[in-house]
Amino acid sequence: MNQQGTVAADGPHRSKIPVTLIGGFLGAGKTTLLNHILSGEHGIRAAVLVNDFGAINIDAKLIVGVEGDTVNLANGCVCCTIRDDLIGACLGLLQRPERPEHLFVEMSGVSDPVPVLNTFLETQLALVFAVNSILLVVDAEQLPRLKGDMAHLARSQLGAADIVVLNKVDLVSPDELNHVKNLVQMVTPGSRIIEVVQGQLPLELVFVGGSDAPPPERREDARKREATAHDEAHSHDHVFGTWNWTSDRALSLPKLRSTLEQLPETVYRCKGVVQIEELPRYRYVLQMVGRRYHLEESGFWGTAMPRSEIVLIGGRAGIDPDKLHSAFDACIGIGDESQSPVLRLTRLLAADMPGD
Ligand SMILES: [Zn+2]
C-alpha cells in the first residue's frame, strides 16, 4: 500500500494542514493568483511560503494581507537546491502560537512541482501536512512561444498539475486560445483547465473542504516520474541564470523604459520595486514577462528608505552581468532639479495630481 493510502485510511489525515502548491513558469502570474486567493473572503488563517530563484525575494514583498505570515525562501529553488530549507520553514510554521489552517507554497518559476510534492509526501512533513492540490499557472500568450529548454521545462511542469490555471486569456485571440489549450491537453491529456484573467480563480477550487485527499493515482505517477529523474543530479543552475541590481538613487523613467526595451531576448523575466525620480514619493512595482512590461504604483514610500531592487532571470548564456550592470546604472536619474528643467516640470505636475 502506498503512503497516501495508509494515511487516508487511518483517519488522522483529517487534522492535517492542507497545502496548495502553486507552480508555473517564470512570469505566468503565480503571485497575482496567490494575492487573489489570500484577499478573498474565506476567513482561513493562511500561511505562505514564497520561493524566488533570485537572491532578492521580490514576490514575497508583493504578497498582500498576510503580514508576518509570509516566509521567504530565496536564493535557490525549492525543488532542488534548497529542499531542506522548505522542510525547515514548514516545521517552523508549527512553532507559531496559532497553527496555520492552510499553507500555500509559491514555487519558483523554474521549479518542477513533483520533487516539491515528494518532499511533502516522503519526509516528516507527511505527518502534519497534506498536499490537496497543485495549481499550475500558465501564461496563455507565453507558453506557445517558449523555445528549447524553456519550452521543455514549462511543459514538464504541466505534467504535475491538478488544475491548470490558464491565465491572461484576455491577451490572446480565440484561435490562440484554442491552440494553447490543445497544447496543454497534448502535454497532460485530460487535465482540468480553468481560463482566468488576472489570476481570478474561483476560491471554491482552492479551499475544497478541509484537507481533501489528492487523487492517489496522480500522486503515484508523480512518484515514479521523480524516481526516473533522480539520477540527473537535478538542478536548474546550468540552464538559468539570475542577476540582481539595487540602488539607493532614484531612476529616470525614460531611461528605465529604454533599458527595459533593449534587454536581450534571453531575459525571460524581470521584476522589482523601483524609485522613480519624476514621482519620488511613490513606490513602483516593475513586472516584465518576455517583452511586455509594466510599472504599477504601489503606495507611498512613507518612512521607508526608498530603494530600487531589480531581479532578472534568463537563460544562463544570455545573462551578461557587466552589460546589465551598466545598462541599469545608466537609468539612475539626475536627481537634481536645478540641472534639469524637465525633471522640475514633471515633479511639479506630479505634485498637482489628485490622490495623495
Ligand atoms: Zn529546482
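Residues numbered from 1 in each chain as written. Predicted model: local features only at pLDDT ≥ 70, side-chain atom pairs only at ≥ 80, totals over all residues. Heavy atoms only, no water.

As recorded in an unreviewed UniProt entry, the chain goes by the name Putative metal chaperone YciC, listed as coming from Novipirellula artificiosorum. As stated in UniProt under Catalytic activity (unreviewed entry), the record for the chain gives "GTP + H2O = GDP + phosphate + H(+)". Reading the Function (unreviewed entry) entry of the UniProt record for the chain gives the comment "Zinc chaperone that directly transfers zinc cofactor to target proteins, thereby activating them. Zinc is transferred from the CXCC motif in the GTPase domain to the zinc binding site in target proteins in a process requiring GTP hydrolysis." (UniProt positions renumbered as here; feature names shortened; annotations may be inferred.)

1. Section: the overall build of the chain
In terms of helices and strands, the chain carries 11 helices and 12 strands. Here the chain holds 356 residues, and the buried ones make up 53% of them. Approximately 16400 Å² of the chain is accessible, and the part contributed by carbon and sulfur atoms is 52%. (Helix = DSSP H or I, 4+ residues; strand = E, 2+ residues; numbered from the N terminus. Buried < 20%, exposed > 50% of the residue type's maximum accessible area, 1.4 Å probe, protein only. Areas by Shrake-Rupley, 256 points an atom, 1.4 Å probe, with all protein chains shown as cover.)

2. A short note on the state of the cysteines
Two cysteines whose sulfur atoms are joined by a covalent bond form what is called a disulfide. Taken as a whole, this structure holds 0 disulfides when the rule is applied. With no disulfide partner, Cys331 has as its closest neighbouring cysteine sulfur the one in Cys270, 9.8 Å distant. Overall, Cys331 belongs to the buried group, its relative accessible area being 0%. (Disulfide = S-S within 2.5 Å.)

3. What about the packing of aromatic side chains?
Under the counting rule described, the total for this entry stands at 5 aromatic pairs. Look at Phe120 and Phe129: their rings are 6.0 Å apart centre to centre, the planes differ by 80 degrees, and that puts the pair in the edge-to-face class. Between the aromatic rings of Tyr282 and Tyr284, the centroid separation amounts to 6.5 Å while the plane-to-plane angle is 65 degrees, which identifies the pairing as edge-to-face. The buried category is assigned to Tyr284, whose relative accessible area is 13%. In textbook terms, an aromatic cluster arises when at least three aromatic residues are bridged by ring pairs, as seen for Trp243, Trp245 and Phe328. (Phe/Tyr/Trp six-rings, centres within 6.5 Å; stacked < 30°, edge-to-face > 60°.)

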